Amino acid sequence: ALTKNNAAEMAPHGIRVNAINMGWCFTENEDVVQTKNSGSDWTTAADKSVPLGRILRPQDVAASVGYLLSNASNMMTGTILELHPEYADGMLSLNADENDGR
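Below, the structure is looked at part by part.

Cut-offs used in this document
- Residues numbered from 1 in each chain as written.
- Predicted model: local features only at pLDDT ≥ 70, side-chain atom pairs only at ≥ 80, totals over all residues.
- Heavy atoms only, no water.
- Helix = DSSP H or I, 4+ residues; strand = E, 2+ residues; numbered from the N terminus.
- Buried < 20%, exposed > 50% of the residue type's maximum accessible area, 1.4 Å probe, protein only.
- Contact = heavy atoms within 4.5 Å.
- Areas by Shrake-Rupley, 256 points an atom, 1.4 Å probe, with all protein chains shown as cover.
- Lys, Arg positive; Asp, Glu negative; His and termini not counted.
- Salt bridge = Lys/Arg side-chain N within 4 Å of Asp/Glu carboxyl O.
- Phe/Tyr/Trp six-rings, centres within 6.5 Å; stacked < 30°, edge-to-face > 60°.

### Focus on the overall build of the protein chain
A count of helical and extended segments in the protein chain gives 4 helices and 2 strands. Traced from its N-terminal end to its C-terminal end, the protein chain shows the element sequence α-β-α-α-α-β. Expressed as a percentage of its 102 residues, the buried residues of the protein chain come to 25%. Within the protein chain, contacts between residues separated by at least 24 positions form 67% of all contacts whose residues are at least 6 apart in sequence. For the protein chain, the accessible surface area stands at approximately 7,200 Å², while carbon and sulfur atoms represent 55% of it.

Quick look at the structure:
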């Protein structure tokens, strides 16, 4: 709601307001934490566990920011980009398992 409200207030001034809602992303810190908890090959398992074949990487987020800053998104305001390769909104998980409670 904050993104849409701010977009409505700022639009008359030519200011666009958008947001990025990030899912699980490989970062240096995430690598340290996950390596400690799950071993050095954690990214292989993590990537296999999501429908799009991999968790986010920083370059994925950077590309989305670049798009929002570009002329290609000039008519976009009040939008929240959902960067969640681990699930698709409104769809059942491909990893759903009734016996596992997921």
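So much for the structure itself; the text now carries on.
### Side note on the side chain of Glu30
Checked against the element boundaries, Glu30 lands in helix α2 (residues 28–38). This buried residue, Glu30, is left without a salt bridge; Arg57 holds the nearest opposite charge, at 10 Å.

### A few points about the pattern of salt bridges
Tallied over the full model, the rule gives 2 salt bridges. For the salt bridge of Arg57 with Asp47, the shortest nitrogen-to-oxygen distance reads 2.8 Å. Taken together, the residues Arg57 in the loop between α3 (42–48) and α4 (58–69) and Asp47 in helix α3 connect sequence positions 10 residues apart. Each member of the pair, Arg57 as well as Asp47, is classed as buried. Two residues, Asp60 and Arg54, come together in a salt bridge whose shortest N-O distance is 2.7 Å.

### Section: the packing of aromatic side chains
If you walk through the whole model with that rule in mind, you get 2 aromatic pairs. Ring plane angle 15 degrees and centroid distance 5.7 Å describe the contact between Phe26 and Trp42, whose orientation is recorded as stacked. Taken together, the positions of Phe26 in the loop between β1 (19–22) and α2 and Trp42 in helix α3 put the pair 16 residues apart, joining distant regions of the chain. Of the residues examined, Phe26 reaches a relative accessible area of 25% and is grouped as partly exposed. Trp42 gets classed as buried once you look at its relative accessible area, which sits at 4%.

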